Amino acid sequence: MAETAEQLAEVRSSIAAATVRASRPLDSVVLIAVSKTFPVEVISEVVQAGQRVFGESKQQEAEVKIEALPSSLEWHFIGRIQRNKVRKLLGQFEVLHAVDSLRLAQHIETVAADLGCYPKVFLQINTAAEASKAGFSEDELRAAMPDLLEMKRLEILGLMSIPPAAEDVEKTRPWFAQLRELRDLLEQEYQVRLPFLSMGMSHDFEVAIEEGATHVRVGSAIFGHRSYRVEGELG
Ligand SMILES: *Cc1c(COP(=O)(O)O)cnc(C)c1O
């Protein structure tokens, strides 16, 4: 068995164990295999091992892979979204994870109306207010909610965040809990459903699941270390 296939199996069993600890059904968690920087041949191994959902963070890099791999795969865009790439992204990706401002949401809405599609998106929250990271602050999000909810095209799945990485994953847990609590508050305040939480990466996806993650974005735990950094990479 390919090493990636073994690592995928390990990640899957860790996810299963975390859902048991959290008394959640196994199918309440979507594993997004983050394949950025890895070539088609390596991704193919993971496809052959049964993985169907993949994450990429650069449109041009992803385009080549999406064209080369089976059309039955589902692609999630997890990188920073450039306005001039939105049209292509909407044609290529099932879900956009990092909608980080009202202005960007409005632009996606306009392009979606033009294309006649209904994009699924997460709203990215800058939980720890880090200067290096994009995302709504809680106040910005509250101010934007009425406009976001008016949008006819955007299907807002829920919230996404990339909390500060810490050696000790227990230090990250409160950030995950905070995102869940914010989601709960928004659902009450605006009488909406925001059922999904995109949070947790290789180092901390188990804790994220214990705190309610429904979409975990796992790269290096499956594919191994990335040999170069991707522009705009936040992990
Ligand atoms: C790269 C990346 C990941 C995956 O990171 P790993 O630590 O390799 O699991 C997840 N989310 C985002 C937004 C990323 O850029």
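Residues numbered from 1 in each chain as written. Predicted model: local features only at pLDDT ≥ 70, side-chain atom pairs only at ≥ 80, totals over all residues. Heavy atoms only, no water.

## Here we look at the overall build of the chain
Within the chain, the secondary structure is distributed over nine helices and eight strands. For 235 residues, the compact-globule estimate of 2.2 N^0.38 gives 18 Å, and the C-alpha radius of gyration of the chain, at 17 Å, lies within 12% of that figure. Counting only C-alpha atoms and orienting by the principal axes, one finds that the chain spans roughly 50 × 40 × 35 Å. Taking the intrachain contacts of the chain between residues at least 6 apart in sequence as the baseline, contacts between residues at least 24 apart amount to 60%. Accessible surface, the chain: about 11,100 Å² in total, of which carbon and sulfur atoms supply 49%. Taking the average location of the 26 positive side-chain charges in the chain and that of its 35 negative ones, the two points are 3 Å from each other. (Helix = DSSP H or I, 4+ residues; strand = E, 2+ residues; numbered from the N terminus. Rg over C-alpha atoms; globule rule 2.2 N^0.38 Å. Contact = heavy atoms within 4.5 Å. Areas by Shrake-Rupley, 256 points an atom, 1.4 Å probe, with all protein chains shown as cover. Lys, Arg positive; Asp, Glu negative; His and termini not counted. Charge placed at Lys NZ, Arg CZ, Asp CG, Glu CD.)

## Observations concerning the site of the ligand
Looking at the ligand, there are 12 residues lining it, with Lys36, Ser202, Gly219, Ser220 and Arg226 nearest. At a separation of 2.7 Å, an oxygen atom of the ligand approaches a polar side-chain atom of Lys36. In the model, a nitrogen atom of the ligand is placed 2.9 Å from a nitrogen or oxygen of the Arg217 side chain. Contact with the protein chains covers 95% of the free accessible surface of the ligand, which is 390 Å². Residue composition of the shell around the ligand, by class: six nonpolar, three polar and three charged. (Near = heavy atom within 4 Å. Polar contact = N/O pair within 3.5 Å; in protein donor to acceptor, adjacent residues only side chain to side chain. Nonpolar A, V, L, I, M, F, W, Y, C, P; charged D, E, K, R; others polar.)

## As for the nonpolar core
One finds Leu141 and Leu148 to be the most contacted residues of the largest nonpolar core, which totals 61 residues. Membership of the second largest hydrophobic core comes to six residues, among which are Val95, Phe122, Leu157 and Met160. (Core = buried A, V, L, I, M, F, W, Y, C linked by side-chain atoms within 4.5 Å. Buried < 20%, exposed > 50% of the residue type's maximum accessible area, 1.4 Å probe, protein only.)

## Let's talk about helix α5 (residues 102-115)
Under the 1.5 Å per step criterion, the end-to-end length of α5 is 20 Å for 14 residues, consistent within 8% with the ideal 20 Å. Among all positions of α5, only Leu104, Ala105, Ile108, Glu109, Val111 and Ala112 are buried. For α5, the elements touching its buried residues are α4 (86-92), β4 (95-99) and α6 (138-150). (Expected span 1.5 Å × (residues − 1).)

## Comments concerning the pattern of salt bridges
Counted according to the given criterion, the structure contains 16 salt bridges. Here Arg21 ties to Glu210 by a salt bridge, and the two come within 2.7 Å at their closest N and O atoms. Residue Arg21 is found in helix α1 (residues 3-21), and its partner Glu210 is found in helix α8 (residues 205-210); the two are separated by 189 residues along the sequence. Close ionic contact of Lys171 with Asp168 constitutes a salt bridge, the shortest N to O distance being 4.0 Å. What makes Asp168 partly exposed here is its relative accessible area of 37%. (Salt bridge = Lys/Arg side-chain N within 4 Å of Asp/Glu carboxyl O.)

## Structural notes on the pairing of strand β8 (residues 215-218)
Side chains His215 and Arg217 of β8 all project onto a buried face; the interleaved residues Val216 and Val218 project onto the opposite face, where all are buried too. Of the pairings in the sheet, the one linking strand β1 (residues 30-34) to β8 comprises four bridges and is parallel in character. Within the sheet, the bridge partner assigned to Val30 lies in β8 and is His215. (Pairing = 2+ DSSP bridges.)

## Focus on helix α7 (residues 173-190)
Along its 18 residues, α7 runs 26 Å from first to last C-alpha, staying within 8% of the 26 Å computed at 1.5 Å per residue. Residues Arg173, Phe176, Ala177, Leu179, Leu182, Arg183, Leu186 and Glu187 constitute the buried set of α7. Tucked inside the fold, the buried residues of α7 contact α6, β6 (155-160), β7 (196-198) and α8.

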